[in-house]
Amino acid sequence: MFKRSLGAAGGYALLVHGGAGDAEGARLQGQAAGCARAAGVGKALLEAGASALDAVQAAVEVLEDDPRFNAGTGGALTSEGALELDASIMEGSSLRAGAVCALPPFKHPIAIARAVLADGKHVLYAAQGAARFALQHGFSAVAPETMITDDARQALARALAEELARRSGGTVGAVARDERGGVAAATSTGGMMAKRPGRIGDSPIVGAGSYADDALGAASATGEGEGILRVALCSRVVSQLAGHGPADAALDALRYMEHRVAAIGGLIVVSKDGQLGVARSTKSMSFAGTWRGHDVVAGG
Ligand code: ASP
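Residues numbered from 1 in each chain as written. Predicted model: local features only at pLDDT ≥ 70, side-chain atom pairs only at ≥ 80, totals over all residues. Heavy atoms only, no water.

> How would you summarise the pairing of strand S8 (residues 210–213) if you had to cite specific residues and measurements?
Along S8, one buried face is formed by Ser-210 and Ala-212 and the opposite face, lined by Tyr-211 and Asp-213, is buried too. With antiparallel pairing between neighbouring strands as the criterion, S8 and strand S9 (residues 217–223) make up a hairpin whose turn holds 3 residues. (Buried < 20%, exposed > 50% of the residue type's maximum accessible area, 1.4 Å probe, protein only. Helix = DSSP H or I, 4+ residues; strand = E, 2+ residues; numbered from the N terminus. Pairing = 2+ DSSP bridges.)

> Lay out the nonpolar core with the relevant residues and their values.
Formed by 51 residues in total, the largest nonpolar core has its most connected members in Val-16, Ile-89 and Met-193. Examining the composition of this core, we find that 8 residues originate from one element, helix H2 (residues 52–65), more than from any other. Among residues more than four places away in sequence, those in contact with Val-16 are Cys-35, Ala-39, Ala-59, Leu-63, Gly-173, Ala-174, Ile-268, Ser-286, Phe-287 and Ala-288. Of all hydrophobic cores here, the second largest spans 40 residues; its members include Met-90, Leu-233, Ala-263 and Val-278. (Core = buried A, V, L, I, M, F, W, Y, C linked by side-chain atoms within 4.5 Å. Contact = heavy atoms within 4.5 Å.)

> Which residues make up unusual backbone geometry, and what are the values?
The phi dihedral of Leu-95 falls on the positive side, at around 55°, and the residue is not glycine. Along the chain, Leu-95 turns up in the loop between strand S3 (85–91) and strand S4 (97–103).

> Which residues make up the side chain of Lys-43, and what values go with them?
Here Lys-43 is to be found in helix H1 (residues 25–47). Glu-47 provides the closest opposite charge to the buried, unpaired Lys-43, separated from it by 4.2 Å. In this structure, Lys-43 is in contact with Tyr-12, Leu-14, Thr-290, Trp-291 and His-294, ignoring residues within four places of it in sequence. (Lys, Arg positive; Asp, Glu negative; His and termini not counted. Salt bridge = Lys/Arg side-chain N within 4 Å of Asp/Glu carboxyl O.)

> Tell me what's going on with the site of the ligand, and back it up with residues and numbers.
Near the ligand the following residues occur: Gly-169, Thr-171, Gly-191, Arg-199, Asp-202, Ser-203, Thr-222, Gly-223 and Gly-225. Asp-202 is positioned such that a nitrogen or oxygen atom in its side chain is 2.6 Å from a nitrogen atom of the ligand. Gly-225 places a main-chain nitrogen or oxygen 3.2 Å from an oxygen atom of the ligand. Against a free-state accessible area of 270 Å², the protein chains account for coverage of 99% of the ligand. Here the residues of the shell around the ligand are counted per class, giving no nonpolar, 7 polar and 2 charged. (Near = heavy atom within 4 Å. Polar contact = N/O pair within 3.5 Å; in protein donor to acceptor, adjacent residues only side chain to side chain. Areas by Shrake-Rupley, 256 points an atom, 1.4 Å probe, with all protein chains shown as cover. Nonpolar A, V, L, I, M, F, W, Y, C, P; charged D, E, K, R; others polar.)

> Provide a residue-level description of the sheet that holds strand S2 (residues 13–21), including the pertinent values.
A sheet is described by the order of its strands in space; here 8 strands give the open sequence S5-S4-S3-S7-S6-S2-S12-S13, paired in mixed fashion. Sheet topology places strand S5 (124–126) and strand S13 (294–299) at the edges, where each strand pairs with a single neighbour. Adjacent strand axes in the sheet meet at a mean angle of 5° when their direction is disregarded. Summarising the sheet, S2 and strand S12 (residues 284–291) pair through 7 bridges and their orientation is antiparallel. Counterpart to Leu-14 in the pairing with S12 is Thr-290. Here H1 sits on the sheet and contacts S2, strand S6 (172–177), S12 and S13; the angle it forms with S12, its principal contact strand, is near 25°. Lying over the sheet, helix H4 (residues 127–136) contacts S4 and S5, oriented at roughly 110° with respect to S5. (Axes fitted to C-alpha atoms, helices over the stretch in contact; angles between N-to-C directions.)

This is the structure:
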């Protein structure tokens, strides 16, 4: 178990993660560098007065474009070699949320989730319905080959050889607080490598993979999706912010998940006043944080 507190109460703050897993060495360093880049993009927006919602979306889009992560380009593949992408985004002032799951290849699933939030009629669209929503809202589907990487193909071949659907790490997420005190969370993933077609993890599920409430704070989760779903991990950790700092709340929630459903993972959390917390029960989780008056801090 690992936890770390960052940030300072009062100003804007942003934290991103690049997935709970067992990366080490150059791979982990590369992911931390990718997280730092994404945090820098979010920081520039918050510095200029953007909302937490805009900042988490922009940071996650950077990570979706980075093939080192299991989200957007480079995402994990189903057992049949297809991309089925999951993403969610939530705003803490209105408790509005948007999500897509089992989405066929589109460059930025998180942008489509944001459009779902803005549209407001429903919260979650799946598969062909999600694709149709995206096309109707001006997004373009892309050829699968442009988003499926050789690394992902090789990892799928290894997983199939072992007859094992497995966590591939590299899911991405972001939480932020803006200068006005608004919080938001966003999470995006390809899910589990060699998952069965139609399998949906925690990432697109509000309360499991992402949660945000201005009265308390916001969280994004990564790790064993089936376990995260069963303990509604992000809803749990945000509710704990009433009496605990974000890093302690995150560690407690991960302990609870391990104890109750024997699952491991990681969390990033921002409190309503802008303090940041990272925790993981996996071997690694790349992250990068930044807040008013501070440069980006990255780690794993
Ligand atoms: N939680 C993601 C899922 O189960 C995977 C991950 O975070 O690595 O789809």
